[in-house]
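Residue strings, one per chain:
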Amino acid sequence: MKTLSTLSEQERLVLVLRDLYQGHGCVRFPMRRFEEYALYLENKSFLTSERVLSFTDGNGKLMALKPDVTLSIVKHARRGREGVEKLYYIESVYRASPTDHEFKEIEQIGVEYLGNVDRYATSEVMWLALESLRLCHRDYVLDMSHMGLTAGLMEDSGLDEETRREAFRLISQKNVHELRTVLTGKGIPAEAVERFASLLTLSGTAEEMLEKAAKLATGDASRKAVEELTQLYSDLTALGMEGHVRLDFSIANDLDYYNGVVFRGYVEGAPRAVLSGGRYDHLMTKMGKDADGFGFALYL
């Protein structure tokens, strides 16, 4: 039997994170290593890769090793909006590597809040994400954005569904040249095109970026997004986390699933994000749940 002194660094981190989440009322969510393949086929744009490891079980049903945890949690979660169901998990997912295209087992630990996710619950999830990063490394930062700002600007500019999807893709890639080309080709006024292009430069300290975002907001939806981010940053400042929070409006997740705040976490020495999360009320609705959803995953 392992003692605390013989545990690996990762094993000790998991224990500390588990205690952190349980201390804030989170209950561990148990799950199988696989789900019906149809769950991922129906929600393939929610996944980081459309490639899924599948197999046929003894009853002839097509199953898949989990490429994602959130879909499983939402599928099995209660439907109601009463209160907040606080869950955490320690699971492996199976995904194709973007470099060598081989499937890899990736260990995750994460938190999901389901139900009535109000301002308090939102701030608590964000604090847990920041604290999770701090426990990984003393040098860490969380980049935040809000889907409502970009979506609001698209609505105000009258972008059709196809153009919206293409614009989101280019924003997430920080491809300002092609973004201008696509929007101009669709007859979008030059002033609106430059607003979208400006989103890609909105990355930096929260105070400065909130001020610039407020000037870009043109309608109720985009103004509400800036207001929510301002409130959230105020809450995180009150918790002493302001020095580890930045805004980056090029973070753009799929609009069919995500709304509200989205974020990514980084630590020194890691070449890419080690934590990601966001609000996914649209996914909850799509899966027949009358509730909000908000959470994050830390890649171990």
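Residues numbered from 1 in each chain as written. Predicted model: local features only at pLDDT ≥ 70, side-chain atom pairs only at ≥ 80, totals over all residues. Heavy atoms only, no water.

Trainee: I'd like a rundown of unusual backbone geometry, residues and numbers included.
Mentor: Despite not being glycine, Lys-174 has its phi angle at roughly 60 degrees, a positive value. Exposure remark for Lys-174: the relative accessible area of 44% places this residue in the partly exposed category. (Buried < 20%, exposed > 50% of the residue type's maximum accessible area, 1.4 Å probe, protein only.)

Trainee: Let's hear about the packing of helix α5 (residues 147-157) against helix α6 (residues 161-172): which residues, and what values?
Mentor: Interhelical geometry of α5 versus α6 gives an angle of 140 degrees and a closest axis separation of 11 Å. Taken as axis vectors, α5 and α6 run oblique relative to one another. The crossing of α5 and α6 is right-handed. Residues Met-147, Thr-150, Ala-151, Met-154 and Glu-155 of α5 lie in contact with α6, whose contacting residues are Arg-164, Ala-167, Phe-168 and Ile-171. Of the residues contributing to the contact of α5 with α6, the split by class is 6 nonpolar, 1 polar and 2 charged. (Axes fitted to C-alpha atoms, helices over the stretch in contact; angles between N-to-C directions. Helix = DSSP H or I, 4+ residues; strand = E, 2+ residues; numbered from the N terminus. Parallel < 35°, antiparallel > 145°, perpendicular 65-115°, else oblique. Left-handed = near helix turned anticlockwise from the far one by under 90°. Contact = heavy atoms within 4.5 Å. Nonpolar A, V, L, I, M, F, W, Y, C, P; charged D, E, K, R; others polar.)

Trainee: How would you sum up the side chain of Lys-289? Please name residues and give values.
Mentor: Inspection of the secondary structure assignment puts Lys-289 in the loop between α11 (281-286) and β12 (292-299). Of the side chains with opposite charge, Glu-85 lies nearest to the buried Lys-289, which makes no salt bridge, at 8.3 Å. Here the side chain of Lys-289 touches Lys-75 through a polar contact of 3.2 Å, landing on its backbone oxygen. (Lys, Arg positive; Asp, Glu negative; His and termini not counted. Salt bridge = Lys/Arg side-chain N within 4 Å of Asp/Glu carboxyl O. Polar contact = N/O pair within 3.5 Å; in protein donor to acceptor, adjacent residues only side chain to side chain.)

Trainee: Any details on the layout of surface pockets? Residues and values, ideally.
Mentor: Here the idea is plain: a probe the size of a water molecule rolls over the atoms and shows the empty space left. A volume near 430 Å³ is recorded for the second largest pocket. Broken down by element, the lining of the second largest pocket gets its largest block of residues, 7 residues, from helix α10 (residues 220-238). Its residues assigned to classes, the lining of the second largest pocket shows 9 nonpolar, 8 polar and 6 charged. (1 Å grid on protein atoms, 1.4 Å probe; cavity = no way out; pocket = protein on both sides within 12 Å on 5 of 7 lines; lining within 4 Å. Points joined across faces, edges and corners; volume = space filled by probe spheres on them.)

Trainee: Can you break down the nonpolar core residue by residue, with the values?
Mentor: Within the largest apolar cluster, 96 residues are counted, with the highest numbers of intra-cluster contacts made by Tyr-21, Met-144, Leu-199 and Phe-263. For this core, the element with the highest residue contribution is helix α4 (residues 119-136), accounting for 8 residues. When near neighbours in sequence (up to four residues on either side) are disregarded, Phe-263 contacts Met-126, Ala-129, Leu-142, Asp-143, Met-144, Leu-275, Ser-276, Gly-277, Gly-278, Phe-294, Gly-295 and Phe-296. (Core = buried A, V, L, I, M, F, W, Y, C linked by side-chain atoms within 4.5 Å.)

Trainee: Just give me the short version of the sheet that holds strand β10 (residues 261-267), but keep the residues and values in it.
Mentor: The 9 strands are arranged β1-β5-β6-β12-β11-β10-β7-β9-β8 in an open sheet whose pairing can be described as mixed. Unpaired on one side and paired on the other, β1 (27-28) and β8 (203-205) mark the two borders of the sheet. By the bridge criterion, 4 bridges tie β10 to strand β11 (residues 275-279) in an arrangement that is antiparallel. Considered in β11, the bridge of Arg-264 is made with Ser-276. Those strands touched by α5 are β7 (140-146) and β10, and its axis lies near 30 degrees from that of β7. Strand contacts of helix α9 (residues 206-216): β8 and β9 (245-248), with the helix running at about 125 degrees to β8, the strand carrying the most contacts. (Pairing = 2+ DSSP bridges.)

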